[in-house]
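This is what each chain is made of:
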2 protein chains.
Amino acid sequence: MSLTIGELSRQTQVKVPTIRYYEQIGLLAEPARTVGQQRRYGSDDVRRLNFIRHARELGFEVDAIRQLLDLTAAPSRSCGEVHEITKAHLTEIKDKIVRLTALRDELEAMVACDHRKISECRIIEVLADHGQCQHAEH
Amino acid sequence: MSLTIGELSRQTQVKVPTIRYYEQIGLLAEPARTVGQQRRYGSDDVRRLNFIRHARELGFEVDAIRQLLDLTAAPSRSCGEVHEITKAHLTEIKDKIVRLTALRDELEAMVACDHRKISECRIIEVLADHGQCQHAEH
DNA sequence: TCTTGAACCTCTAGCCGCTAGAGGATGTAG
DNA sequence: CTACATCCTCTAGCGGCTAGAGGTTCAAGA
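Let me sum up the structure you'll find in this document. (Residues numbered from 1 in each chain as written. Chains lettered and ligands numbered in written order. Predicted model: local features only at pLDDT ≥ 70, side-chain atom pairs only at ≥ 80, totals over all residues. Heavy atoms only, no water.)

**Focus on the protein's contact with DNA strand D**
This is how the line gets drawn: The rule for a residue being near a molecule or strand is that one of its heavy atoms must lie within 4 Å of it. Identification of polar contacts relies on pairs of N or O atoms within 3.5 Å, with a donor-acceptor requirement for protein atoms, meaning one able to donate a hydrogen and the other able to accept it, and with residues adjacent in sequence counted only if both atoms are side-chain atoms. Numbering of helices and strands starts at the N terminus; helices are DSSP runs of H or I of at least 4 residues and strands are runs of E of at least 2.
Residues in close proximity to DNA strand D total 19 residues, the closest being Thr-34 and Arg-56 of chain A together with Gly-6, Arg-20 and Arg-39 of chain B. The sugar and phosphate moieties of DNA strand D supply 90% of its atoms located within 4 Å of the protein. A distance of 2.8 Å separates a phosphate oxygen of DNA strand D from a polar side-chain atom of Thr-18 of chain A. At 3.2 Å, a side-chain N or O of Arg-33 of chain B approaches a phosphate oxygen of DNA strand D. At the level of secondary structure, the elements contributing two or more residues to the surface near DNA strand D comprise helix 2 (16-24) of chain A together with helix 1 (5-12) of chain B. The greatest single-element share of the surface near DNA strand D, amounting to 4 residues, is contributed by helix 2 of chain A.

Next up, the structure:
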């Protein structure tokens, strides 16, 4: 199974120049090339690139994604090391879930707006005050 | 209650130049100024800016944040309009929660790694294949 | 086999969302 | 009435893409 960069782009919803950019910054390995220097990809690349896209949409920085990807790629890593990296990201992820859930609940209340005046809207408050990130490390 | 830009920055964890930038692009209203042109903020600004920071950390673009903020600020809006905007964001938010939850579960399994070889790690798969976003609109 | 056009290549420049620094003015504490 | 941290504006740079110029490749059809 061999995909052109355009086919990879269609399957992952990641634009062609972005794929080349990810290669350039080392997020994606350099793929095989045809005699005429065109890139050819395999199904591993599809999965990896899908992961990258989702992670970016979820607000992770490229460096964080690189770390997460490295977790899966380095079976030689010590368990403790993996533990540390993973725990740091877990904290971040749980925090995001809490905040997204609060936002979702508030928006859901707004959608059921027949019993609610817009002026009562508390969208801002729901993310503004709790400060879950105050003690996070990043 | 009147805050300097530096105090606002400390309370919200948003850097001073970023606050000025948000003002420049219209995310934050132009604040009152002293005679010497220094900015002075109130507690509304603290809440609004906290909201913006959280939303950005959750991966929302500035335009999306602007829309969400507008929901709270425009009591003249028709209910249907608010409904539409809100529903679109709700879809996005729910999707993010699903994906973050999947990622959290997988990382949690990794943290309990004494019973698991790293080579079994499925971090990529968990976000790679489900394609929840395939039918989203943006 | 040869042609043709979509898709590929590299390279450079630009956009968004910040962030840092120069060079100078403000304002509060002592 | 200083002193100096903080503020101001302005410009330039960085991370993460995105678009376009100018040229090459390659597979499908004549």
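Now that the structure has been shown, the text picks up again.
**Quick notes on the pattern of salt bridges**
Applicable threshold: Whenever a carboxyl oxygen of Asp or Glu lies within 4 Å of a side-chain nitrogen of Lys or Arg, that contact is scored as a salt bridge.
Under the criterion given, the structure shown has 20 salt bridges over all chains. For Asp-44 of chain B, the salt bridge is made with Arg-47 of chain B, and the minimal N-O distance between the two is 2.6 Å. Pair noted here: Asp-44 of chain B and Arg-47 of chain B are both in helix 3 (residues 43-57), with a separation of 3 residues, about one helical turn. A network of salt bridges, in which partner residues are shared, links Arg-53 and Glu-57 of chain A together with Asp-95 and Arg-99 of chain B.

None of the figures reported here should be taken as evidence of function without further support.
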